[in-house]
Structure formats: C-alpha cells, structure tokens
Amino acid sequence: EGDDIDLNAAIEVLIDRRLDLAPDARFFMRPGSQPCASSTLVLLDLSESANDLASDAGAAVLDLEKRAAMLLAQATSGDGDRIAVHGFCSDTRAAVYYYRLLEAGAPIAAALGRIGGAQARYSTRLGAALRHAGALALQVPGERRAIIVVTDGEPSDIDVHDPRYLVDDAREAVLELRGRGVSVHCVALDAQAEPQLRAMFGFRGYRIVTSPAALPQALIRAYARTAA
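Here the structure is a predicted model, which means the values were calculated and not measured. (Residues numbered from 1 in each chain as written. Predicted model: local features only at pLDDT ≥ 70, side-chain atom pairs only at ≥ 80, totals over all residues. Heavy atoms only, no water.)

Let's talk about the overall build of the protein chain
Scanning the protein chain from terminus to terminus reveals 7 helices and 10 strands. A compact globule built from 228 residues should have a C-alpha radius of gyration of about 17 Å, and the protein chain, at 17 Å, falls within 12% of that. Here the protein chain holds 228 residues, and 48% of them are scored as buried. Long-range pairs, those at least 24 residues apart, make up 69% of the contacts in the protein chain with a sequence separation of at least 6. For the protein chain, the accessible area works out to roughly 11,200 Å², and carbon and sulfur atoms hold 51% of it. With 24 positive and 30 negative side-chain charges, the protein chain shows a separation of 4 Å between the mean positions of the two kinds. (Helix = DSSP H or I, 4+ residues; strand = E, 2+ residues; numbered from the N terminus. Rg over C-alpha atoms; globule rule 2.2 N^0.38 Å. Buried < 20%, exposed > 50% of the residue type's maximum accessible area, 1.4 Å probe, protein only. Contact = heavy atoms within 4.5 Å. Areas by Shrake-Rupley, 256 points an atom, 1.4 Å probe, with all protein chains shown as cover. Lys, Arg positive; Asp, Glu negative; His and termini not counted. Charge placed at Lys NZ, Arg CZ, Asp CG, Glu CD.)

Here it is, written out as structure tokens:
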C-alpha cells in the first residue's frame, strides 16, 4: 500500500505478466519510516533428495538446510520479530507430512534439538505445504508476514506423472498467499530448476545458491529482504 508507484517494481510486474509468471504485487510505496513487526516462517524441504551429499561442502544438503535455519533463528532471537521453522515432505497426495520444528515466539534453545533431529524422506508436494504454512503464518501477529522456502530442487511426487502439475499447483498457492498479504520467497540449490522456480515464485521471488556452503548467508539475506 502507498501513495506512489515504484516504477522498477511495476516494470517487473508487467514482465512477469507477459511471461505468464507469478508477479510480486508490491509495487506501491510511501515515504517515511516506522518500526514494523514482522513474522517469518522458514519452510524446509525434507524430501529424500535432501540426503544427497553437497559436493563442495562435505555434508548432506539436509544438514546444510538445518544449519542455516538454526543460525537464522539464533541470529534473529531477541530483535522483536517472530520466526518459525517448519519442514515438509509427501508420500502421494494422501499423505503430506508437516513438521512444526520451531514455533514463532517460542524459545529457540528448546527447538534446536527438533531442528537438528529432522530427517528427510519421501517426496516434495510443495503446493500443499505452502497452503498449510500460509494458514499458520496468518495466525501469527505481525504487520509483515513472509514464508521462505528452502529447497534443493523442483516439486515432485510418486503419484504425479505430469511434471508441470505440481509446479502449477505451487504457483497457485504462491499467488493465493501473496493475495492475502503473505510474501513468499524461495532459496534453492538447483540451478537447473530455474525455469520451474521462476514459474512458481516469479521473477524476483527466488534466489539460487550455486554453492551449498553459502546457504546460511543466502537465507539470512532472504530474511533481511522479506522483513525489510
């Protein structure tokens, strides 16, 4: 909301619409500054592929995801903003597993063991997880609400044979959440999935980390952007 239009943001919205992508509708601006509480939910991809070894980091992708989430939670503790860390995986549309590892406003120390003990299995039904995460995010107090997805690739599941189905489903979930005032961003580790990431999250809605070891820094930057 605002009294003027951010021309750069408006141009990107028009480009996304021409490319039939999911635009970020925040292209208004207003002058002034004011403290504003934010609530951020980090959604970790806990599918089986996260067990793969990250070649340049000497650790599994899952370990890097969890380490990044714990560092972010500890770095933002006590700054007035709320942060939650959840995870998901799926085994067909009949079984989408959702794990609430750290709740917004809960003590960080008690949740570190739950985050560190999270395991990766099954598949990646992102749209369903996003809808559930969005419903939870909207229940948390805060003037700004955001979801940051951390994933190693594009969505998939064993009962889906059309590769576009889950991409389109996730895209619709992102559009629904943005329409309700929830910012959605993605930090991804698979550069080959960029076409799918752009289709799901829009031109400015994702960041690809080419070095898995840089994931914690990328997650903190994504948080700074969504909370700003």
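A look at the environment of I208
By secondary structure assignment, the location of I208 is in strand 10 (residues 206–208). A residue is classified by how much of its surface remains accessible, and I208, at 22% relative accessible area, is partly exposed. As for I208 and D190, which are separated by 18 residues in sequence, their C-alpha atoms are 6.9 Å apart. Filtering out sequence-adjacent residues up to four positions away, I208 remains in contact with A188, D190, A191, E194 and L197.

Observations concerning the sheet that holds strand 10
Spatially, 6 strands are ordered 7-6-3-8-9-10 in an open sheet, and the strand pairing comes out mixed. Across the chains shown, the open sheet's two edge strands, defined by having one partner strand only, are strand 7 (96–102) and strand 10. Across the sheet, the axes of successive neighbouring strands diverge by a mean angle of 20 degrees, strand direction being ignored. One ladder, built from 3 bridges, connects strand 9 (residues 182–188) with strand 10; its direction is parallel. Counterpart to C186 in the pairing with strand 10 is Y206. Packed on one face of the sheet, helix 7 (residues 215–227) meets strand 3 (38–45), strand 8 (144–151), strand 9 and strand 10 and runs near 160 degrees to strand 8. (Pairing = 2+ DSSP bridges. Axes fitted to C-alpha atoms, helices over the stretch in contact; angles between N-to-C directions.)

Here we look at the nonpolar core
One finds V42, L44, V85, L102, V187, L215 and L219 to be the most contacted residues of the largest nonpolar core, which totals 32 residues. The set of elements that each furnish at least two residues to this core consists of strand 3, helix 2 (61–76), strand 6 (82–90), strand 7, helix 3 (108–116), strand 8 and helix 7. It is helix 2 that contributes the most residues to this core, 7 residues altogether. With residues near it in sequence (within four places) discarded, V85 still touches V42, L44, A69, Y99, R100, L101, L102 and I115. Core analysis: the next-biggest nonpolar cluster, separate from the first, contains 28 residues, F88, A133, A199 and M200 among them. (Core = buried A, V, L, I, M, F, W, Y, C linked by side-chain atoms within 4.5 Å.)

Some remarks on the side chain of H86
Residue position: H86 is located in strand 6. In terms of polar contacts, H86 uses its side chain to reach the side chain of Y98, at 2.8 Å. If we ignore the near neighbours within four places in the chain, the residues touching H86 are L41, V42, L43, L44, Y98, Y99, R100, L101, L102, E103 and L136. (Polar contact = N/O pair within 3.5 Å; in protein donor to acceptor, adjacent residues only side chain to side chain.)

Quick word on the packing of helix 5 (residues 163–179) against helix 6 (residues 194–201)
Between helix 5 and helix 6, whose axes approach to 7 Å, the crossing angle comes to 35 degrees. Across the interface between the two elements, R164, V167, A170, R171, V174 and R178 of helix 5 pack against Q196, A199, M200 and F201 of helix 6. Among the residues making up the contact of helix 5 with helix 6, the classes are represented as 6 nonpolar, 1 polar and 3 charged. (Nonpolar A, V, L, I, M, F, W, Y, C, P; charged D, E, K, R; others polar.)

Let's talk about the side chain of K66
Inspection of the secondary structure assignment puts K66 in helix 2. Salt bridges are absent for the buried K66, whose nearest opposite-charge side chain, D63, sits at 4.1 Å. Polar side-chain contacts of K66 include one of 3.0 Å to the backbone oxygen of A118. Excluding residues within four positions of it along the chain, K66 makes contact with I115, G116, G117 and A118. (Salt bridge = Lys/Arg side-chain N within 4 Å of Asp/Glu carboxyl O.)

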